[in-house]
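Chain by chain, the residues run as shown.
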Amino acid sequence: MDMGLTAILVALITTLGGIIVGFMQSFKKETLSTRTENRTDHAVVQAQLRMLHKSVDRVGDRLETHIDGHREGGYGQTVGANPN
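Conventions adopted
Residues numbered from 1 in each chain as written. Predicted model: local features only at pLDDT ≥ 70, side-chain atom pairs only at ≥ 80, totals over all residues. Heavy atoms only, no water. Helix = DSSP H or I, 4+ residues; strand = E, 2+ residues; numbered from the N terminus. Buried < 20%, exposed > 50% of the residue type's maximum accessible area, 1.4 Å probe, protein only. Expected span 1.5 Å × (residues − 1). Patch = residues over 30% accessible without salt bridge, like charges linked within 9 Å, V, L, I, M, F, W, Y side chains within 5 Å. Areas by Shrake-Rupley, 256 points an atom, 1.4 Å probe, with all protein chains shown as cover. Salt bridge = Lys/Arg side-chain N within 4 Å of Asp/Glu carboxyl O.

Undergrad: Go over the overall build of the protein, please, and point to the residues and values.
TA: Helix and strand content of the protein: two helices and zero strands. When each of the 84 residues of the protein is scored for burial, the buried share is 4%.

Below you can see the structure in the form of C-alpha cells.
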C-alpha cells in the first residue's frame, strides 16, 4: 500500500472514531445530571482549596515575621546575639 494512502486511511479512521465516541457520549442518559453534579463538586473543592491557600499564606506570613524577630534579636537568643 502506498504511504500516502496509508496516512489518509489512518486519518479517516481516527476522525470516524472521534465522531463515534462523541455521539456515544452525547447519548448517555446520565450525561446532563452527571455534568451538573461534577461542576458542583468541582466548585466546592475549588472553594476549599482557596480557603486552604489563604490559611497557608497567613501562617507563612506569621512564621516569616517570627523568624525576622529572631534575626533582629527581639525574641531571646539569636545568631546575632550569640557571643561565640
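Undergrad: Can you break down helix 2 (residues 31-72) residue by residue, with the values?
TA: Counted at 1.5 Å a residue, the expected span for helix 2 with its 42 residues is 62 Å, and the 61 Å between its end C-alpha atoms agrees. Just downstream of helix 2, Gly73 is the residue with a positive phi angle, here 90 degrees.

Undergrad: I'd like a rundown of a nonpolar patch on the surface, residues and numbers included.
TA: Together, Leu9, Leu12, Ile13, Leu16, Ile19, Ile20, Phe23, Met24 and Phe27 make up a nonpolar patch on the protein surface, roughly 960 Å² of accessible area in all. You can see Phe27 is positioned in the loop between helix 1 (3-26) and helix 2.

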